[in-house]
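Read off the chains here:
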Amino acid sequence: MNQSKKHIVLFMPFRADPSEGVRVAADLLPLELLQIASWPDKEGYKVHIVDAMVHDDYLEQLFELCEGALLFGSSCILGYQVAHGAEVAQKIRQRFPDLPIIWGGWFPSIAPELYIQEGIADAVALGQGELTFRDVVHALDAGTDLEQVAGLVIKKDGKPVYTDHRAVVDFAEFPDSPWHLVDYEPYVERQNNTGAWKVRHKHPDPWNFDHSQQVRGFSYFSSFGCPEPCTFCCSPLVTGRRWKAMPGDLLAERLLDLQDRYKFNVVRFQDANFGVAEKRSNAWCEKLVDAGSPFWWSGCYEIETIDRYKPESLDLMQAAKCHMISVGAEAGSQEQQTAIEKKIDVTHFESSLRAMNERDITTGCSWIIGYPDESEESMMETIRMAALMKHKFPRSASDIFPFRPIPGSPDFDRMVELGYKPPATLAEWGSVLEYRLDIGNLILPEKVQTTWKRYGAAATFYGQHAREGSGVVRSMMKGISGWRLRNNSYTFPIEHKLFHAYVKLTKQDEKNMVDQKLDRTPGVTPSAPA
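The structure reproduced in this document is the subject of the present report.

Rules and cut-offs
In this numbering scheme, every chain counts its residues from 1 along its sequence in written order. Per-residue local features of the predicted model are confined to residues with pLDDT of at least 70, and side-chain atom pairs are confined, for both listing and counting, to 80 or more; whole-chain, interface and lining totals are unaffected and use all residues. Hydrogens and water molecules were not included; the side-chain quantities draw on all heavy atoms of the structure. By the criteria applied, helices consist of DSSP H or I runs no shorter than four residues and strands consist of E runs no shorter than two, each listed in order from the N terminus. Each residue is placed in one exposure class: buried if its accessible area under a 1.4 Å probe, protein chains only, is under 20% of its type's maximum, exposed if it is over 50%, and partly exposed if it falls in between. Any two of the Phe, Tyr and Trp rings considered here, Trp counted by its six-membered ring, make a pair once their centres fall within 6.5 Å; the pair's planes then place it as stacked at under 30 degrees, edge-to-face at over 60, or tilted in between. Sitting over a ring, as applied to charges here, requires NZ of Lys or CZ of Arg to be within 6 Å of the ring centre and within 35 degrees of the ring normal. Multiplying 1.5 Å by the helix residue count minus one yields the expected span of that helix. Directions drawn from the helix axis to the C-beta atoms are what define this arc. In this description, contact between two residues means that some pair of their heavy atoms is separated by no more than 4.5 Å. To form a nonpolar core, buried Ala, Val, Leu, Ile, Met, Phe, Trp, Tyr and Cys residues must be joined to one another through side-chain atoms within 4.5 Å. Strands were regarded as paired on the criterion that DSSP finds at least two bridges between them. Axis lines are fitted to C-alpha atoms, over the contacting stretch for helices. Their N-to-C directions set the angle, which ranges from 0 to 180 degrees. Whenever two N or O atoms come within 3.5 Å, that pair is a polar contact, provided that in protein one can donate a hydrogen and the other can accept it, and provided that, for residues adjacent in sequence, both atoms are side-chain atoms. Convention used here: angles under 35 degrees read as roughly parallel, angles over 145 as roughly antiparallel, angles from 65 to 115 as roughly perpendicular, and any remaining angle as oblique. In this scheme the crossing of two helices becomes right-handed for a clockwise turn of the near helix relative to the far one and left-handed for an anticlockwise turn of less than a right angle. Residue classes follow a fixed rule: Ala, Val, Leu, Ile, Met, Phe, Trp, Tyr, Cys and Pro count as nonpolar, while Asp, Glu, Lys and Arg count as charged, and any other residue, Gly among them, counts as polar.

### Some details on unusual backbone geometry
- With a phi angle near 45°, Ser 293 is a residue other than glycine that sits in the positive phi range.
- One can find Ser 293 in the loop between α10 (278-290) and β14 (296-300).
- Here Lys 343, not a glycine, exhibits a phi torsion of approximately 65°, which is positive.
- Topologically, Lys 343 is positioned in the loop between α13 (334-339) and α14 (348-357).
- On the basis of relative accessibility, which here comes to 63%, the residue Lys 343 falls in the exposed class.

### Let's talk about the packing of aromatic side chains
- Under the counting rule described, the total for this entry stands at 30 aromatic pairs.
- Where Phe 11 meets Phe 72, the ring centres are 6.5 Å apart and the plane angle is 25°; that geometry is what we call stacked. Placement of the pair is Phe 11 in strand β1 (residues 7-12) and Phe 72 in strand β4 (residues 71-75), with a sequence separation of 61 residues. The pair Phe 11 / Phe 72 is uniform in exposure class, with both members buried.
- Each ring, one from Tyr 184 and one from Tyr 262, has its centre 5.4 Å from the other, and the planes form 65°; the classification is edge-to-face. With Tyr 184 in the loop between β8 (159-162) and α7 (185-192) and Tyr 262 in helix α9 (residues 248-262), this pair connects stretches of sequence that are 78 residues apart.
- The exposure class assigned to Tyr 262 is buried, which follows from its relative accessible area of 10%.
- The ring of Trp 39 carries Arg 134 above its face, with NZ or CZ at 5.4 Å from the centroid.
- Above the ring of Trp 296, the side-chain terminus of Lys 321 is found at 4.6 Å from the ring centroid.

### Quick look at helix α20 (residues 494-505)
- If you check α20, its first and last C-alpha atoms are 17 Å apart, about what twelve residues at 1.5 Å a residue would give, namely 16 Å.
- Inspection of α20 places Glu 495, His 496, Phe 499 and Val 503 among the buried residues, and these make up the whole buried set. Buried residues of α20, viewed axially, fall in a sector of 100°; they line one side. Facing away from the buried side of α20 by over 90 degrees, the exposed positions are Ile 494, Lys 497, Leu 498, Lys 504 and Leu 505.
- In this structure, the buried residues of α20 make contact with α18 (446-462) and α19 (471-487).

### Observations concerning the nonpolar core
- Formed by 103 residues in total, the largest nonpolar core has its most connected members in Phe 218, Trp 284, Trp 297 and Met 317.
- The element best represented in this core is helix α15 (residues 376-392), accounting for seven residues.
- What Trp 284 contacts, discounting residues up to four positions off in sequence, is Gly 248, Leu 251, Ala 252, Leu 255, Phe 269, Phe 274, Phe 295 and Trp 297.
- The next biggest cluster of nonpolar side chains, apart from the first, holds 51 residues, and it includes Leu 65, Cys 66, Cys 76 and Met 415.

### Some details on the sheet that holds strand β15 (residues 322-330)
- Spatial strand order, β10-β13-β14-β15-β16-β17: six strands in an open sheet with parallel pairing. Two strands bound the open sheet, and with one partner strand each, they are β10 (217-220) and β17 (398-402). Each adjacent strand pair in this sheet contributes to an overall mean axis angle of 20°, direction not counted.

### Remarks on the sheet that holds β8
- A sheet is described by the order of its strands in space; here seven strands give the open sequence β3-β1-β4-β5-β6-β7-β8, paired in mixed fashion. Bordering the open sheet on either side are β3 (46-51) and β8, each of which pairs with just one other strand. Neighbour to neighbour, the strand axes of the sheet diverge by 20° on average, direction disregarded.
- Of the strand pairs in this sheet, strand β6 (residues 123-125) and strand β7 (residues 152-156) are connected by three bridges, and their pairing is antiparallel. In the sheet register, Ala 125 faces β7, and the bridge partner there is Leu 152.
- Most of the contacts of helix α3 (residues 80-95) go to strand β5 (residues 101-104), to which it runs at about 170°, and overall it touches β1, β4 and β5.

### Here we look at the side chain of Arg 268
- Checked against the element boundaries, Arg 268 lands in strand β13 (residues 266-269).
- A polar contact is formed between the side chain of Arg 268 and the side chain of Asp 27, at a distance of 2.9 Å.

### Points about the side chain of Arg 216
- By secondary structure assignment, the location of Arg 216 is in the loop between β9 (198-200) and β10.
- Within the local environment of Arg 216, its side chain forms a polar contact with the backbone oxygen of Tyr 262, the two atoms lying 2.9 Å apart.
- Residues within four places of Arg 216 in sequence aside, it is in contact with Tyr 184, Glu 185, Val 188, Gln 191, Tyr 262, Lys 263, Phe 264, Asn 265 and Val 266.

### Points about the packing of α18 against α19
- The N-to-C vectors of α18 and α19 enclose an angle of 130°; their axes lie 8 Å apart at closest approach. The pairing of α18 with α19 is recorded here as oblique in orientation. The two elements α18 and α19 meet at a crossing, and its hand is left-handed. Each of Tyr 455, Ala 458, Ala 459, Phe 461 and Tyr 462 in α18 lies in contact with α19, whose residues at this interface are Met 477, Lys 478, Ser 481, Gly 482 and Leu 485.
- Class assignment of the residues belonging to the contact of α18 with α19 gives a composition of seven nonpolar, two polar and one charged.

### A closer look at the environment of Gly 292
- Considering the arrangement of structural elements, one finds Gly 292 in the loop between α10 and β14.
- Accessibility expressed as a relative area gives 54% for Gly 292, which makes it exposed.
- Taking the C-alpha atoms as reference points, Gly 292 and Pro 18, 274 residues apart in sequence, are found 40 Å from one another.

These values are about where atoms sit, not about what they do.
Following this line, the structure appears as C-alpha cells:
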C-alpha cells in the first residue's frame with residue numbers, strides 16, 4: 001500500500017511548564033503516540049516520535065523531520081500540554097504551510113473546533129484514535145478526501161465538519177505498540193537524575209523497593225475508556241462509557257516480554273480505570289505470580305471495585321507486587337456522591353483503603369471540594385473524611401483538590417450557568433488545571449479555604465513529607481498533626497508558626513518544601529500549602 005514511502009512525524013508536548021522549574025515524572029512514556037503509530041509502523045511507514053520530555057532539541061528535530069513528511073500529528077490532555085502543543089503546531093504550520101496537521105487526545109476530542117479555528121489542525125480525531133489515525137494515513141497517502149474517514153472533525157472551506165461516528169473497538173483490532181520507536185534509556189536517566197527540577201506526577205516508590213538499585217519506571221496502556229458516569233469528568237462524552245481492555249493473560253505476556261527487553265522494575269498503568277473487571281485483574285496477577293512477579297506495578301481502581309473484589313483477588317494483587325492503587329474518593333458526603341453520580345457508599349472508604357494498606361499496597365486517594373452547587377457542609381465533610389483516612393493510613397496519600405471544571409462534562413456546563421467564563425483560546429486552556437482557590441467569580445468559602453490549607457499542612461507533617469528540622473522536632477510535629485487529623489481540629493495552629501521560626505533560626509530550612517506555595521498540579525503527593 002505504501003508506495004510513496006513518506007514518513008510520519010509525531011510530537012509529545014511538555015506536560016508541565018519548564019519555565020516554572022518543574023518536570024513531570026519521566027516514567028510517563030509517550031504512550032498515546034505509540035498507540036496510534038501501531039498500524040502505520042506495521043504497514044511499513046517510517047514513524048518518528050519526538051518527545052519534549054527527553055528531546056531538548058525537539059523543535060530543531062521537528063523542523064528537520066517535517067521536511068517531506070506525510071503528516072505532523074500530536075496529542076494532549078487538559079493542562080500545559082494544550083498551550084505548548086498549540087505553540088509548537090503554530091511554528092510547524094508557519095514553516096510547512098502545506099503539511100497536514102492531525103490532532104488527537106482527550107482535550108482535542110472535546111474541543112475540536114478550537115483547533116480548526118486556530119488554524120493548527122486539518123483534522124481532529126475524536127476519542128479512540130488507533131483506527132482513525134490509520135485511515136487518515138491511508139487517505140493522505142492516496143490523496144483522497146478525509147471526509148470519508150469516520151471519527152474526525154475536519155477543516156473544510158475554513159469551517160469544522162464532523163465525519164461519521166466511529167465506535168469504540170477492542171484492543172484486538174490493532175497491533176501491539178511499536179516500542180522500537182522510543183529510546184527508553186533517556187527516560188530512565190531523567191528518573192534517576194532530576195537535578196534541581198521539581199518533579200510532579202511522581203508516584204511513590206514501593207515501600208519495599210531496594211534503593212541500592214536504579215529505579216527503572218515504565219508506563220503502559222492496557223484499556224480504553226471508563227464505565228463510570230461521573231458528572232465532573234469528560235470520559236462519558238468521549239468514550240460513551242465504554243470500557244475496552246486487553247485480556248489479563250495477554251497483558252501479562254506482553255509486559256513480561258517488555259520487561260525482559262527493557263529491565264524495568266516498576267510499571268505505572270495509565271489506564272483511566274484499570275481494575276473494572278475482577279476476572280481480568282486475577283488473570284493478570286496469576287500470570288505475574290507464575291513468572292516470579294519480576295516488577296512492581298500500580299493502576300487505578302475504584303473504591304467500590306475494591307469493596308466487591310473477593311479477598312483472594314486482593315491477595316493476588318499483593319502477590320503480584322501491586323504497590324499502589326490510585327483511588328478517586330471524590331467526596332466525603334453521601335449527598336455529594338449522589339450529586340456527582342459517583343455511586344460510592346461513603347461507609348466503604350475505610351474498609352476498602354484498609355484492605356489495600358493491610359496488604360502493603362499504597363492508596364493514592366484524591367478528594368475534590370467546591371463542586372457546583374456543593375454546600376459548605378459537604379465540603380467540610382470531605383475535609384473531615386480525608387483527614388480521617390490520612391490518620392488511619394499515614395503512609396498513603398489523602399489529597400484534596402479544589403474543583404476544576406472539565407469541558408465536556410455536565411459539571412462544566414453547570415459552572416458556566418453559574419457565571420464561570422471558560423478560556424477562549426488554546427493558550428488560555430493551557431493553564432486551566434492550575435489549582436487556584438477561585439474560578440472566575442466563583443470562590444471557595446473562606447472557612448473551607450482556611451480548613452483545607454491547615455489540613456494540607458497537618459497531612460504534610462503527619463505523612464513525614466517535611467524534611468526540615470531535627471528528627472525529634474519532626475516527630476513532635478507528626479504527633480500534633482495526627483491529633484488534628486483525628487479530631488478534625490485546626491484552630492490556632494501555633495505549632496506551624498513555631499516550626500517555621502525554628503527552622504529559620506537554626507538555618508535548617510529547605511526551600512520550597514514546607515513553606516511552599518500552592519502546588520498547582522494534581523497527583524498523589526501533598527498539594528495543599530502549609
